[in-house]
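What follows is the residue order along each chain.
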Amino acid sequence: MSPFLAEIIGTMILIIFGGGVVAGCVLKKSKSENGGWIVITCGWGFGVAVAVYAVGSISGAHLNPAVTIALATIGSFPWAQVPTYIAGQMIGAFLGAVVVWLHYLPHWAATEDKGAKLAVFSTGPAIRSTGANLLSEIIGTFVLVLGILAIGANKFTEGLNPFIVGILIVAIGLSLGGTTGYAINPARDLGPRIAHFVLPIAGKGDSDWGYAWIPVVGPIIGGVLGGLFYKTFFGA
């Protein structure tokens, strides 16, 4: 399998778990309706772990343009491969969102809340404030990349690293996710947002394109800063 295909499959797995847990918690007549924030963060974290287990040995399981760009910025990944990785991540995120839509097909019409339907696909702020929302995404992704690099520098029992990365995702969600829903990944937000825009989702509203740049730009900035911080103070 090529790294490009691995990034598609890995990111698709991530979105199936992540978008799936949100759908289960917010769509009407789901058995997990009102599961709450802890359930959502665990679903995302475990989804990341499974995705990394699936393709980590093939592509390194970036699954996130912010991670790919951060690694390239600090010299740990070739810039020439960045476009291919990001393309794979975007395709995988879109496909994962389509799977979630199909899985919960009867529940879209049963749910009146247009915002809840969009939340299955993409993030949105608790309080809409451009500067604060951008800063939240920068901080969250800074912590993500710093954490990934720090975890990678430690020796664990063989095969444990992906699970620890999953725990990092849960921790970021619990501690920092309440402001914007912690996209911390441009593909995770933009790919499914495009899916929301093009799919015939029953009773959907708009895709909130006015906000869409924040979970793209913020994570890229935060990821680069996190990578540079690690390289400066810890070495890389």
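What counts as what
Residues numbered from 1 in each chain as written. Predicted model: local features only at pLDDT ≥ 70, side-chain atom pairs only at ≥ 80, totals over all residues. Heavy atoms only, no water. UniProt positions renumbered as here; feature names shortened; annotations may be inferred. Helix = DSSP H or I, 4+ residues; strand = E, 2+ residues; numbered from the N terminus. Axes fitted to C-alpha atoms, helices over the stretch in contact; angles between N-to-C directions. Parallel < 35°, antiparallel > 145°, perpendicular 65-115°, else oblique. Contact = heavy atoms within 4.5 Å. Nonpolar A, V, L, I, M, F, W, Y, C, P; charged D, E, K, R; others polar. Buried < 20%, exposed > 50% of the residue type's maximum accessible area, 1.4 Å probe, protein only. Polar contact = N/O pair within 3.5 Å; in protein donor to acceptor, adjacent residues only side chain to side chain.

Here we look at the UniProt feature "transmembrane region" (unreviewed entry) in the protein chain
- UniProt records the feature "transmembrane region" (unreviewed entry) for residues 6-27, 34-55, 91-110, 130-151, 163-184 and 210-230 in the present numbering.
- Across residues 130-151, the secondary structure splits into 100% helix and 0% strand, with the terminal C-alpha atoms separated by 31 Å.
- Split by type, residues 163-184 is 64% helix and 0% strand. Its first and last C-alpha atoms lie 18 Å apart.

Focus on the packing of helix α6 (residues 114-121) against helix α9 (residues 186-198)
- It is the contact of α6 with α9, at a shortest axis distance of 8 Å, that shows an interaxial angle of 130°. With respect to their mutual orientation, α6 and α9 come out oblique. Where α6 abuts α9, its residues K117, L118 and F121 lie against R188, D189, P192, R193, A195 and H196.
- Across the contact of α6 with α9, the residue classes break down as 4 nonpolar, 1 polar and 4 charged.

Thoughts on α6
- Taken together, the buried positions of α6 are A116, K117, L118, V120 and F121.
- Capping the start of α6 is the job of one residue whose side-chain oxygen sits 2.9 Å from the backbone nitrogen of G115: D113.

Digging into unusual backbone geometry
- Phi at N34 takes a positive value of approximately 65°, unusual for a residue other than glycine.
- Its location among the elements puts N34 in the loop between α1 (3-26) and α2 (37-59).
- Phi is positive for L63, close to 60°, though the residue is something other than glycine.
- With respect to the helices and strands, L63 occurs in the loop between α2 and α3 (65-73).
- Among the residues examined, L63 registers a relative accessible area of 3% and is labelled buried.

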